[in-house]
Amino acid sequence: MLERADVVARTVLSQQAFYQSGLCSANQRQLLETMIGAAIWYFPQSDELWTGFISAEALRALADSPSPKAVKLTKDHHYPRKVAAAELFALDWSGINEPAQEVLNRYLVSYGQFNYVLPEENKRLVKYQKTHLFVSPAHAYEQAGIQLLQLSRPLLKAIQAGESELAELALADQIE
């Protein structure tokens, strides 16, 4: 992952002056953000990057399904990739001694983090996660009408294995 982070850091550093200049059109800026955002999307996505949050609708779908393993959960990036790219282009890199490590740390702490939602919720979120509209992950979820609930990984696995009573308890906020 550090090698990938190094490529992203080098690319951002090499294109930052152009990105910030008057010579860079809005379309070119969007393309650069898309390219860096796509590179971030291709970083490995491990279960450790899960925030521990799942949407109430997804949890309800798991609780109500006779086959919870068949319920499709989508990993929604807590922090939109194009927003992450714009942030990297705006960063003052002059005081950062290890750019690759900086990108990797940002990926592990925020850019790579994800929540579990239903596919239709993911589609609702898209319009609130655009670079020019994005305020924060919490604001995007609020605007999309998505409530997030915290769960532990073992509890999620038990619910996916069919323990619907645990899902009901989690929905009622009666479980730790």
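See the structure above.
Read on for a plain summary of the structure.

Reading the values: the criteria
- Residues numbered from 1 in each chain as written.
- Predicted model: local features only at pLDDT ≥ 70, side-chain atom pairs only at ≥ 80, totals over all residues.
- Heavy atoms only, no water.
- Helix = DSSP H or I, 4+ residues; strand = E, 2+ residues; numbered from the N terminus.
- Buried < 20%, exposed > 50% of the residue type's maximum accessible area, 1.4 Å probe, protein only.
- Areas by Shrake-Rupley, 256 points an atom, 1.4 Å probe, with all protein chains shown as cover.
- Lys, Arg positive; Asp, Glu negative; His and termini not counted.
- Charge placed at Lys NZ, Arg CZ, Asp CG, Glu CD.
- 1 Å grid on protein atoms, 1.4 Å probe; cavity = no way out; pocket = protein on both sides within 12 Å on 5 of 7 lines; lining within 4 Å.
- Points joined across faces, edges and corners; volume = space filled by probe spheres on them.
- Nonpolar A, V, L, I, M, F, W, Y, C, P; charged D, E, K, R; others polar.
- Pairing = 2+ DSSP bridges.
- Axes fitted to C-alpha atoms, helices over the stretch in contact; angles between N-to-C directions.
- Contact = heavy atoms within 4.5 Å.
- Core = buried A, V, L, I, M, F, W, Y, C linked by side-chain atoms within 4.5 Å.
- Salt bridge = Lys/Arg side-chain N within 4 Å of Asp/Glu carboxyl O.
- Phe/Tyr/Trp six-rings, centres within 6.5 Å; stacked < 30°, edge-to-face > 60°.
- Lys NZ or Arg CZ within 6 Å of the ring centre and 35° of its normal.

So, on to the overall build of the protein chain. Helix and strand counts for the protein chain come out as nine helices and four strands. Helices (α) and strands (β) of the protein chain occur, in sequence order from the N terminus, as α-α-β-α-β-α-α-β-α-α-β-α-α. In terms of principal-axis extent, the alpha carbons of the protein chain reach across some 55 × 30 × 25 Å. A burial count over the protein chain gives 42% of its 176 residues as buried. Carbon and sulfur atoms make up 53% of the accessible area of the protein chain, which totals about 9,600 Å². Within the protein chain, the 20 negative side-chain charges are centred at a point lying 8 Å from the centre of the 16 positive side-chain charges.

Our focus in this paragraph is the layout of surface pockets. Picture a little ball the size of a water molecule; that probe, rolled over the atoms, points out where space is still empty. Space inside the largest pocket adds up to approximately 510 Å³. Considering the residues around the largest pocket, the lining is formed by 21 residues, among which Pro80, Arg81, Lys82, Gln129 and Lys130 are closest to the centre. Counting residues per element, the ones that place at least two in the lining of the largest pocket are α2 (26–41), β2 (74–77), α4 (81–90) and α6 (119–126). No other element matches α2, which puts eight residues into the lining of the largest pocket. Residues of the lining of the largest pocket, tallied by class, amount to five nonpolar, nine polar and seven charged.

The strand order β2-β3-β1-β4 describes an open sheet built from four strands, whose pairing is mixed. The sheet is open, and its two borders are formed by β2 and β4 (148–150), each paired with just one other strand. Pairwise comparison of adjacent strand axes, ignoring direction, gives a mean angle of 40° for this sheet. Here strand β1 (residues 50–55) runs beside β4; their pairing, made up of three bridges, is antiparallel. Within β4, the residue paired with Ser55 across the bridge is Leu148. Packing against the sheet, helix α3 (residues 56–64) makes contact with β1, β3 (114–117) and β4, and its axis sits at approximately 70° to β1.

Bringing the nonpolar core into the picture now. Within the largest apolar cluster, 53 residues are counted, with the highest numbers of intra-cluster contacts made by Ile36, Ile54, Leu73, Leu88, Val103, Leu151 and Ile159. Take this core: its biggest share by element is six residues, from α4. Every residue in contact with Leu73, bar those within four places of it in the chain, is listed here: Ile54, Ala58, Leu62, Tyr116, Val117, Leu118 and Gln160.

This part covers the pattern of salt bridges. The final tally for this structure, using the stated rule, is six salt bridges. With a closest N to O distance of 3.1 Å, Glu57 and Arg124 form a salt bridge. Residue Glu57 is found in helix α3, and its partner Arg124 is found in helix α6; the two are separated by 67 residues along the sequence. Notably, a salt bridge pairs Glu102 with Arg106, separated by 2.7 Å at the nearest N-O pair. Here Glu102 and its partner Arg106 are both found in helix α5 (residues 99–111), four residues apart, which amounts to about one turn of the helix. Given the relative accessible area of 23%, Glu102 is considered partly exposed. Here the salt bridges share partners, and the residues they tie into one network are Arg60, Asp64 and Glu168.

All right, on to the packing of aromatic side chains then. Enumeration over the complete set of coordinates arrives at seven aromatic pairs. Their ring planes at 10° and their centres at 4.2 Å tell us that Tyr19 and Phe89 sit as a pair that is stacked. Here Tyr19 is found in helix α1 (residues 2–20), whereas its partner Phe89 is found in helix α4, with 70 residues between them in sequence. When its relative accessible area of 0% is taken as the criterion, Phe89 is described as buried. A ring pair is formed by Trp41 and Tyr42, whose centres lie 4.9 Å apart and whose planes are at 85°; its orientation type is edge-to-face. Residue Trp41 is classed as partly exposed on the basis of its relative accessible area of 38%. Cation over ring: Arg29 sits above Tyr19, and NZ or CZ is 5.6 Å from the ring centre.

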